[in-house]
Amino acid sequence: MTTTMVYHAAVRGIRLEKVESELVGDIDLRGFLAISDEVRPGYQEIRVNFKVETNPENVETLKELIRLSPVYDVVSNGTRVIVQVAKK
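The text that follows walks through the structure, step by step, so that each part is easy to find. Remember, predicted model here, so these are calculated numbers, not experimental data. (Residues numbered from 1 in each chain as written. Predicted model: local features only at pLDDT ≥ 70, side-chain atom pairs only at ≥ 80, totals over all residues. Heavy atoms only, no water.)

## Quick notes on helix H4 (residues 70-77)
Consideration 1: At the N-terminal boundary of H4, the capping side chain belongs to Ser69, with an oxygen 3.1 Å from the backbone nitrogen of Val71.
Consideration 2: Positive phi shows up at Gly78, right after H4, with a value of about 75 degrees. (Polar contact = N/O pair within 3.5 Å; in protein donor to acceptor, adjacent residues only side chain to side chain. Helix = DSSP H or I, 4+ residues; strand = E, 2+ residues; numbered from the N terminus.)

Below, the structure is given as structure tokens:
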């Protein structure tokens, strides 16, 4: 998500002096460790915080650019996953 924001900002001529990103998530270990069938093994919520040194008028545009991220898309919309395991 950070890379997407930076790349798209560069293409649009938005100057970024500094970018920091922090991701924090809530996960119930009962699901992750398969202790409970009632709890998903994944995150219940993921929070992404950005600190950006740029002109104030760029902030709303940067929020929109983040939504172009493939990672944002897969996490917020879900993607079909095909898993194969083969013995060598």
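From this point, the discussion proceeds with the structure in view.
## Some details on a nonpolar patch on the surface
Consideration 1: On the surface, Leu23, Ile27, Leu29, Phe32, Leu33, Ile35, Tyr43, Ile46, Val71, Val74 and Val75 cluster together into a nonpolar patch covering about 1,100 Å² of accessible area.
Consideration 2: Secondary-structure elements contributing two or more residues to the nonpolar patch are strand S1 (18-27), helix H2 (29-32), strand S2 (43-53) and H4.
Consideration 3: With three residues, H4 is the single largest residue contributor to the nonpolar patch.
Consideration 4: By secondary structure assignment, the location of Leu29 is in helix H2. (Patch = residues over 30% accessible without salt bridge, like charges linked within 9 Å, V, L, I, M, F, W, Y side chains within 5 Å. Areas by Shrake-Rupley, 256 points an atom, 1.4 Å probe, with all protein chains shown as cover. Salt bridge = Lys/Arg side-chain N within 4 Å of Asp/Glu carboxyl O.)

## Side note on the pattern of salt bridges
Consideration 1: Inspection of the entire model under this criterion finds six salt bridges.
Consideration 2: Put simply, Arg30 and Asp28 hold a salt bridge, and the shortest N to O gap is 2.6 Å.
Consideration 3: When the shortest N-O distance is used, the salt bridge between Glu60 and Lys63 registers 3.3 Å. One end of the pair is Glu60 and the other is Lys63, both in helix H3 (residues 59-66) and three residues apart, which spans about a single turn.
Consideration 4: Here Lys63 falls in the partly exposed class, since its relative accessible area comes to 43%.
Consideration 5: Three or more residues joined by partner-sharing salt bridges are found here, namely Asp26, Glu45 and Arg47. (Buried < 20%, exposed > 50% of the residue type's maximum accessible area, 1.4 Å probe, protein only.)

## Some details on the layout of surface pockets
Consideration 1: In this structure, the largest pocket occupies an estimated 500 Å³ of space.
Consideration 2: What lines the largest pocket is a set of 18 residues, among which Met1, Val48, Phe50, Ile66 and Tyr72 lie closest to the centre.
Consideration 3: Elements that contribute at least two residues to the lining of the largest pocket include exactly S2, H3 and H4.
Consideration 4: Classifying every residue of the lining of the largest pocket gives 13 nonpolar, two polar and three charged. (1 Å grid on protein atoms, 1.4 Å probe; cavity = no way out; pocket = protein on both sides within 12 Å on 5 of 7 lines; lining within 4 Å. Points joined across faces, edges and corners; volume = space filled by probe spheres on them. Nonpolar A, V, L, I, M, F, W, Y, C, P; charged D, E, K, R; others polar.)

## A few points about unusual backbone geometry
Note: most residues except glycine have negative phi, and most peptide bonds are trans.
Consideration 1: Residues other than glycine seldom take positive phi values, yet Ala34 does so here, at roughly 55 degrees.
Consideration 2: Residue position: Ala34 is located in the loop between H2 and S2.
Consideration 3: Residue classification places Ala34 among the exposed positions, given a relative accessible area of 62%.

None of this, on its own, says anything about what the molecule does.
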